[in-house]
Amino acid sequence: MFMFTTEFTQDQPCFTVALCDYPGLPDTERQRAEARYARTLARQLGGEPEVANALRTIEQLEDAPPEEITEEAKSIYQRWMKAARAAAEAGMQGLGGEEGCYFEVRRH
């Protein structure tokens, strides 16, 4: 699992990335893929704190009734999806595809 850390977090990561369901991938390749994903996600969303904030919003949307979802939350969700697609492409670069693998992002 890659823990993305910047000077803003005082050595405490705002989020972690794990490449899941890719059996047989050497640890070094897995860590590189996770790092590429994390860097791209942070770049796409404007920094590590923004990744954590967007992820918090995404998590809150899971339990929200549709009528309570704001336009701002919808916009954040759309930005997240675009950033996550770009990050997945970067993360998988050079690995080839493994059916069913995915990147899991968790905030801290």
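Note that the coordinates shown come from a computational prediction; the quantities given were computed from them, not determined experimentally.

Novice: How should the nonpolar core be read in this particular structure?
Specialist: Buried together is how nonpolar side chains tend to be arranged in soluble globular proteins. Counting residues in each nonpolar core, the largest one holds 28 residues, and the members touching the most others are L19, Y37, L41, W80 and V105. Within the residue set of this core, elements represented by two or more residues are β2 (15-20), α1 (27-45), α2 (48-63), α3 (71-92) and β3 (102-107).

Novice: Just checking my understanding: could you explain the packing of α1 against α2 for this structure?
Specialist: Pairs of packed helices are described in terms of their axes, by the angle between the two and the distance that separates them. Their axes nearest at 8 Å, the elements α1 and α2 cross at an angle of 85 degrees. Comparing their axes, α2 and α1 come out roughly perpendicular. Facing α1, whose interface residues are L41, A42 and L45, α2 presents E48, E50, V51 and A54. Residue composition of the contact of α1 with α2, grouped by class: five nonpolar, no polar and two charged.

Novice: Just to check I follow, could you spell out the pairing of β2 for this structure?
Specialist: Regular strands place side chains that alternate from one sheet face to the opposite one. Counting buried residues in β2 gives six out of six residues, a clear majority hidden from the surface. The sheet contact formed by β2 and β3 spans six bridges and is antiparallel. Its bridge partner lying in β3, F15 is registered against R107.

Novice: Is there a simple way to think about the packing of α2 against α3 in this case?
Specialist: Put simply, α2 and α3 touch, their axes get as near as 10 Å, and they point 115 degrees apart. Relative to α3, the crossing made by α2 is left-handed. Residues V51, A54, L55, T57, I58 and L61 of α2 pack against A73, I76, Y77 and W80 of α3. Counted by class, the contact of α2 with α3 contains nine nonpolar, one polar and no charged residues.

Novice: Would you explain α1 in this entry?
Specialist: Side chains that are three or four residues apart share a direction in an α-helix, a result of its 3.6 residues per turn. Compared with an ideal rise of 1.5 Å per residue, which puts 19 residues at 27 Å, α1 spans 27 Å between its outermost C-alpha atoms and is within 8% of the ideal. Within the sequence span of α1, burial applies to R30, A33, E34, A35, R36, Y37, A38, T40, L41, A42 and L45. The positive-phi residue at the C-terminal boundary of α1 is G46, with phi of around 100 degrees.

Novice: Before we go on, may I ask you to explain α2 in this structure?
Specialist: The terminal C-alpha atoms of α2, which comprises 16 residues, lie 24 Å apart, in line with the 22 Å expected from a rise of 1.5 Å per residue. Buried within α2 are the following residues: E48, V51, A52, A54, L55, T57, I58 and L61.

What counts and what doesn't
- Residues numbered from 1 in each chain as written.
- Predicted model: local features only at pLDDT ≥ 70, side-chain atom pairs only at ≥ 80, totals over all residues.
- Heavy atoms only, no water.
- Core = buried A, V, L, I, M, F, W, Y, C linked by side-chain atoms within 4.5 Å.
- Buried < 20%, exposed > 50% of the residue type's maximum accessible area, 1.4 Å probe, protein only.
- Helix = DSSP H or I, 4+ residues; strand = E, 2+ residues; numbered from the N terminus.
- Axes fitted to C-alpha atoms, helices over the stretch in contact; angles between N-to-C directions.
- Parallel < 35°, antiparallel > 145°, perpendicular 65-115°, else oblique.
- Contact = heavy atoms within 4.5 Å.
- Nonpolar A, V, L, I, M, F, W, Y, C, P; charged D, E, K, R; others polar.
- Pairing = 2+ DSSP bridges.
- Left-handed = near helix turned anticlockwise from the far one by under 90°.
- Expected span 1.5 Å × (residues − 1).

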